[in-house]
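# Structural features, examined
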Amino acid sequence: MRQFLGVAMGSAWIFAGCAPADEPLQEASWLQSAYFDWDLFNHRVSALRFGFAGEDVELAVVGGTSTTNTPADLDDTCDPSTCQEFPFEDVSFAQIGWGRVVSDEVVMGLGTVTLEVPQGGATGQFDIALPRIPEGEVVALLAGFTVNTDHPLSGDEPACYRPEYGWHPRRFTLAIDAITIDEPSDKGIVEVTARFDAGPTLEPERACIDDVVSRSVVTVEVDVLLLAGVDDVSTEVVNSSATYPIGPGGRREPAAQPEVAPSPLETNAPLVGWSSLDFAFDSGEDRGSYLRSFGFVLGPDGAAGVATNFSPFTQLTDFAYAFEGTLEALQLDGDIETGTVTVERLLPSLDGSDQPVVQRFSR
């Protein structure tokens, strides 16, 4: 695609209160869009980061050893013929869409929850402190996320596959399930669900992945922006899907995979953000999917979830996906700014401990 387009329901609560005089200005950012497109081939998912650090955006897109040119590291007891890695270097086109709100009428709070996510997902609660609970509605938006597959497998049985090389996703979900306001302590209690279900490859040379895929555990961090004192909130659901047959050319010349266009939105509210994202990937036979491009986008033309696996010579299967996302549209008093940061060639990097390097870019 290489252009910026800028399912649980987010909950809104109404509380009455008296706003103090001379309320200081508050400022916060939230995530409108996150997108990557590998330059050469499709890949696993081993690390993702789309979020913010002060005035900068944070980005990381890593797709295993075939993007970082990392040689396989196997124990002597493992069979290299069934645990093959293909060290190579690839770069991605990456974009992040951001929104920023500045207001002395709306109260804002930011928080992050870290979840250890097995097959089937995980749910957690965390607190977000607020200066006060003003009159108006309260809503939570996704402000960023991190995915890292470098987590030990569940169970104690030995294994040859190294999870930091990545998994092939079948399902990916981020959802703000509920908000509970504790007025005496001026805090919001936010419940979040994350899901990252990996699937087998059904490839003989990667049998060691399939042997342990049911034991996968992925670390997912979810950044949440809580806004209290909003004038009005409306919810809109976005659905996107596509089916891409590999075509008569097979692996050598797979059929093109044009990404879906954004769907126009009903809302014209000044502030719009996501409260849930749910992707289901289908490469046939319940296997996991290699991804060439992936993202959710929100912009003037509307909103969509996109995914492809197009990859000449390395594409093995047909591909299909379905996306459902929930948008919260807010009316509020304040200054709202939106924009995008584009990185034409984002190089996936690992540090001395083989952890993904999160790179910062100015807005």
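None of the values given here were measured: they were computed from a predicted structure.

## Looking at the overall build of the chain
A count of helical and extended segments in the chain gives two helices and 18 strands. The C-alpha atoms of the chain give a radius of gyration of 21 Å, which matches the 21 Å a tight globule of 363 residues would have. If one aligns the C-alpha atoms of the chain with their principal axes, the spans along those axes are about 70 × 45 × 35 Å. The buried share among the 363 residues of the chain stands at 56%. A total of about 14,700 Å² of accessible surface is found on the chain, and carbon and sulfur atoms cover 48% of it. One finds the centroid of the 19 positive side-chain charges in the chain at a distance of 8 Å from the centroid of its 57 negative side-chain charges.

## Observations concerning the sheet that holds strand β13 (residues 271–282)
Strand order in this open sheet of six strands is β7-β10-β9-β13-β16-β12, and the pairing throughout is antiparallel. One side of each edge strand has no neighbouring strand; the edge strands of this open sheet are β7 (122–129) and β12 (232–244). Neighbour-to-neighbour, the strand axes of this sheet turn through a mean angle of 20 degrees, independent of strand direction. As judged from the 12 bridges shared by strand β9 (residues 169–182) and strand β10 (residues 187–198), these two strands associate in the antiparallel manner. The partner of F172 across the bridge, within β10, is F196.

## A few points about the state of the cysteines
Covalently bonding the sulfur atom of one cysteine to the sulfur atom of another cysteine gives a disulfide. Evaluation of the coordinates by the stated rule reveals one disulfide. Each disulfide pairs two cysteine sulfurs, and for C78 the partner residue is C160, the sulfurs being separated by 2.1 Å. An S-S torsion of about -100 degrees defines the bridge between C78 and C160 as left-handed. Linking C78 in the loop between α1 (65–68) and β5 (92–103) with C160 in the loop between β8 (136–148) and β9, this pair joins segments that are 82 residues apart in sequence. C78 gets classed as buried once you look at its relative accessible area, which sits at 7%.

## Re the packing of aromatic side chains
Each aromatic ring pair is specified by the distance between its two centres and by the angle formed by the two planes. Applying the stated rule across the entire model yields 20 aromatic pairs. Note on W274 and F296: the rings are 5.9 Å apart at their centroids and 75 degrees apart in plane angle, and the pair reads as edge-to-face. One end of the pair, W274, is in strand β13; the other, F296, is in strand β14 (residues 293–299), and 22 residues separate them in sequence. Taken individually, W274 and F296 each receive the classification buried, so the pair is uniform in this respect. Over the aromatic face of W98 sits the side chain of R363, whose NZ or CZ is 5.0 Å from the ring centroid.

## So, the pattern of salt bridges
This structure, assessed with the given rule, holds 18 salt bridges. Across the salt bridge formed by D39 and R345, the nearest N and O atoms sit 3.8 Å from each other. Within this pair, whereas D39 is found in the loop between β2 (26–38) and β3 (47–53), its partner R345 is found in strand β17 (residues 335–346), the two being separated by 306 residues in sequence. For D39, a relative accessible area of 29% translates into the label partly exposed.

## Digging into the side chain of T201
As for its position among the elements, T201 is in the loop between β10 and α2 (207–212). Not counting residues within four places of it along the chain, the set of residues in contact with T201 comprises H168, R206, I209, D210, R287 and Y290.

## Some thoughts on the side chain of Q26
Relative to the assigned elements, Q26 resides in strand β2. At 3.3 Å, the side chain of Q26 forms a polar contact with the backbone nitrogen of M108. In this structure, Q26 is in contact with V101, V102, S103, V106, V107, M108 and P131, ignoring residues within four places of it in sequence.

## A short note on the environment of L225
With respect to the helices and strands, L225 occurs in strand β11 (residues 217–230). According to the relative accessible area criterion, L225 is buried, its value standing at 0%. Sequence separation of L225 and G144 is 81 residues, and the distance between their C-alpha atoms is 9.1 Å. Each residue touching L225, except ones within four places of it in the same chain, is listed here: A28, S29, W30, M108, G109, L110, V139, A140, L141 and A143.

## Observations regarding the sheet that holds β14
Strand order in this open sheet of five strands is β15-β14-β2-β5-β17, and the pairing throughout is antiparallel. Each edge of the open sheet is held by one strand with a lone partner, namely β15 (302–308) and β17. Each strand axis lies, on average, 20 degrees off the axis of its neighbour in the sheet, ignoring direction. Across seven bridges, β14 lies against β15 in antiparallel orientation. Within β15, the residue paired with V297 across the bridge is A304.

## A short note on the confidence of the model for the chain
Taken over all residues, the pLDDT of the chain has a mean of 93, while the share at 70 or more is 94%. Scored below 50 in pLDDT, residues 3–21 makes 67 contacts in the model with residues more than four places away or belonging to other chains.

So, how was this worked out
- Residues numbered from 1 in each chain as written.
- Predicted model: local features only at pLDDT ≥ 70, side-chain atom pairs only at ≥ 80, totals over all residues.
- Heavy atoms only, no water.
- Helix = DSSP H or I, 4+ residues; strand = E, 2+ residues; numbered from the N terminus.
- Rg over C-alpha atoms; globule rule 2.2 N^0.38 Å.
- Buried < 20%, exposed > 50% of the residue type's maximum accessible area, 1.4 Å probe, protein only.
- Areas by Shrake-Rupley, 256 points an atom, 1.4 Å probe, with all protein chains shown as cover.
- Lys, Arg positive; Asp, Glu negative; His and termini not counted.
- Charge placed at Lys NZ, Arg CZ, Asp CG, Glu CD.
- Pairing = 2+ DSSP bridges.
- Axes fitted to C-alpha atoms, helices over the stretch in contact; angles between N-to-C directions.
- Disulfide = S-S within 2.5 Å.
- Phe/Tyr/Trp six-rings, centres within 6.5 Å; stacked < 30°, edge-to-face > 60°.
- Lys NZ or Arg CZ within 6 Å of the ring centre and 35° of its normal.
- Salt bridge = Lys/Arg side-chain N within 4 Å of Asp/Glu carboxyl O.
- Contact = heavy atoms within 4.5 Å.
- Polar contact = N/O pair within 3.5 Å; in protein donor to acceptor, adjacent residues only side chain to side chain.
- pLDDT = per-residue confidence, 0-100.

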